[in-house]
Amino acid sequence: VVVVVGVSGAALARQGGRPAEAERACGGCGSAAAAMAEASAPASAVKVLTARHVRKLLELGSTDTPVEELRELHLEGLGADGLAPGALAGFAGLFKLFLQKNSLKDLPARVLDAEDNTADGQSNGEERASKATGTPHNLTFLDLSENMLPATALPRLGDWRISNLVTLKLAGNGLRSLPPELFKGLPKLCALVVNDNKLKALRFEHELPELNTIIASGNRIDSLGPETGFDKLPGLKKLSASKNRLTALPAVGDCPLIAELRLANNKISTLSNVQLAAMDKLAVLDLGHNEIEDEVELRQLANSPALLNVSFLHNPVLELLKSGEDKEAYAKKVMEEFLPAALRLRVLDGKPLKFFGVQPRQRQARPPSRAQRRARQLAAEAARKAGADGGSAGDAAQESGPSRKRPRPSAVAEPASEPAVPQPPSKFELAQKELARKNAQKAAEEDVTENDARDGSGVEQVIVKRRKAAGDDGAAKASKKDKKAKSGKKSKGLEVTNKASWATSSKIDTW
């Protein structure tokens, strides 16, 4: 059971800070903003989200679910300036936490843990170490977008004991840098979203083997070279760095799984052949709105076999290529001169190849279905088994019995020039032959006996049961043909004479 608690700060603003009316405006789900307005504080007052506010939210939401069983908690749009220590203590089963669109300026050392007093003589570092050694929380998704968090507040996330975190969103905070200590306690991080900040660089000093997606668009990054530390990210698959100040391709040669590069709206003028040579799985490359002027740079992509989607829109070289040529000639030139190895290319400049009047060079083969894989597996096993047995048809027939005899090895090796020994029939063929033999024997034993019977309606029926002595197949067929000729009807095993009406015949046929 997933319980989602929704919050709306706009409802509080519309209702003038009155909790009851704010609850009705939220559709009865309650509002933490209404809880914070209990003391009739003015709207411009500094609000710190505490554990009491969250409990009040649950009361207004009229939820009977225990706190430890909640899975998602939405606290966005409250206008809260801070979080109190232990504000979310007791939410042991929380998986997703939404805190975006607030005014958070700092993060406490503990939010998911209850606030306790430090023992006398125990230093701050000792207390932090004791907290860090506890059982990590279940939180996998944390959204802190559109706040006012400084870079100095981010390392405190390591004290939250959220080592199971998978997605971290820090977009729209005005961050100028990302401290490397931020990632020290996030070994399972898979997606990092830091778009629309003021970052000038990215630095990764700790191993993040599961990080596969980085969204860093809308920043002020001028270089993503070797100093970035992409060698710490062996699982990186997607990098989005559009709307930055890059002048060269990112140094992602140490990321063997990289498959998508979004680099539009930069100042890239050169393409490094060294970097592109290492991207043998690159499928999506967006270089639109850059400063590529020479066709030689585009020829660096000649050895990229996995490309599916490429865009060169709004580059100076594109205007030169398209001048005086129709769209079909342009597409063919790009495919033949710049992307000769991209046999799987499907999209060019954001449009499918059919838009340019060009057909794809290689049709993508669909992966085999489960039934096809099973059929191939059975065929391979049968071939391997037939090759291993290499016996006669009689030995193959005995394999279907309860006791299977191992084929005897040949004392003298056969010369390679002799013709190949015919393969014994498979079990399926043997079963078909056995079924055909039984049917022939049953048909041979059938004879014809006529029994007269009458049903309740008085209609005389002739029930023909064909049984013939063994070895008289020809006579049985002749007798059958004679009866057909005399009656003028097709024998179906049940022949009806003196039919009174259609209803009677239908009833008898059904019987």
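Residues numbered from 1 in each chain as written. Predicted model: local features only at pLDDT ≥ 70, side-chain atom pairs only at ≥ 80, totals over all residues. Heavy atoms only, no water.

A. Summary view of the overall build of the protein chain. Looking only at helices and strands, the protein chain features 14 helices and 18 strands. The buried share of the protein chain, taken over its 511 residues, is 37%. The contacts of the protein chain with a sequence gap of at least 6 include a subset with a gap of at least 24, amounting to 57%. When the accessible area of the protein chain is evaluated, it comes to approximately 28,900 Å², of which 51% is carbon and sulfur surface. (Helix = DSSP H or I, 4+ residues; strand = E, 2+ residues; numbered from the N terminus. Buried < 20%, exposed > 50% of the residue type's maximum accessible area, 1.4 Å probe, protein only. Contact = heavy atoms within 4.5 Å. Areas by Shrake-Rupley, 256 points an atom, 1.4 Å probe, with all protein chains shown as cover.)

B. Focus on the nonpolar core. Formed by 88 residues in total, the largest nonpolar core has its most connected members in L142, L168 and L178. Looking at this core, the elements with two or more residues in it are helix 4 (51-60), helix 8 (316-322) and helix 9 (327-338). Looking at this core element by element, the count peaks at five residues for helix 9. (Core = buried A, V, L, I, M, F, W, Y, C linked by side-chain atoms within 4.5 Å.)

C. Expanded view of the pattern of salt bridges. On inspection of all chains with the given rule, the structure shows nine salt bridges. Put simply, R262 and E260 hold a salt bridge, and the shortest N to O gap is 2.8 Å. Assessed through its relative accessible area of 17%, E260 is described here as buried. The network of salt bridges with common partners includes E295, R299, K333 and E337. (Salt bridge = Lys/Arg side-chain N within 4 Å of Asp/Glu carboxyl O.)

D. Examining the environment of D106 more closely. Relative to the assigned elements, D106 resides in the loop between strand 5 (96-98) and helix 5 (124-132). By relative accessible area, D106 is classed as partly exposed at 37%. Put simply, D106 and L154 are 48 residues apart on the chain and 8.5 Å apart in space, counted from C-alpha to C-alpha. Of the polar contacts made by the side chain of D106, one reaches the side chain of R156; its length is 2.6 Å. (Polar contact = N/O pair within 3.5 Å; in protein donor to acceptor, adjacent residues only side chain to side chain.)

E. Fine view of the confidence of the model for the protein chain. Across the protein chain, the average pLDDT comes to 75, with 65% of residues at or above 70. Across residues 7-46, confidence stays below pLDDT 50; counting only partners more than four residues off in sequence or on other chains, it has 68 contacts. The low-confidence segment residues 447-472, where pLDDT is below 50, has 54 contacts with residues more than four positions distant or belonging to other chains. (pLDDT = per-residue confidence, 0-100.)

F. Representation of the packing of aromatic side chains in the model. Inspection of the entire model under this criterion finds four aromatic pairs. Geometrically, the ring pair formed by Y330 and F356 is tilted, given 6.2 Å between the ring centres and 55 degrees between the ring planes. Here Y330, found in helix 9, pairs with F356, found in the loop between strand 15 (351-352) and helix 10 (370-389); they are 26 residues apart in sequence, far enough to count as distant. Owing to a relative accessible area of 1%, Y330 belongs among the buried residues under this scheme. A network of ring pairs unites the aromatic residues Y330, F355 and F356 as a single cluster. Across the ring face of F141, the terminal group of K96 is positioned such that the distance to the ring centre comes to 5.8 Å. (Phe/Tyr/Trp six-rings, centres within 6.5 Å; stacked < 30°, edge-to-face > 60°. Lys NZ or Arg CZ within 6 Å of the ring centre and 35° of its normal.)

G. Molecular detail of unusual backbone geometry. A positive phi angle, close to 55 degrees, is found at E146, a residue other than glycine. Looking at the secondary structure, you find E146 in the loop between strand 6 (141-143) and strand 7 (167-169). Of note, R161 is a non-glycine position whose phi angle comes to about 55 degrees, a positive value. Relative to the helices and strands, R161 is located in the loop between strand 6 and strand 7. Residue R161 is classed as buried on the basis of its relative accessible area of 14%.

H. Representation of the environment of P305 within the structure. Within the secondary structure layout, P305 lies in the loop between helix 7 (295-298) and strand 13 (309-311). Taking relative accessible area as the criterion, P305 reaches 39% and is therefore assigned partly exposed. Through-space distance from the C-alpha of P305 to that of A341 is 4.8 Å; in sequence the pair is 36 residues apart.

I. Highlighting helix 4. All of the buried residues along helix 4 are H53, V54, L57, L58 and L60. Angularly, the buried residues of helix 4 cover 165 degrees about the axis, an arc narrow enough to put them on a single face. The exposed set on the far side of helix 4, more than 90 degrees from its buried face, consists of R52 and E59. (Arc of directions from axis to C-beta.)

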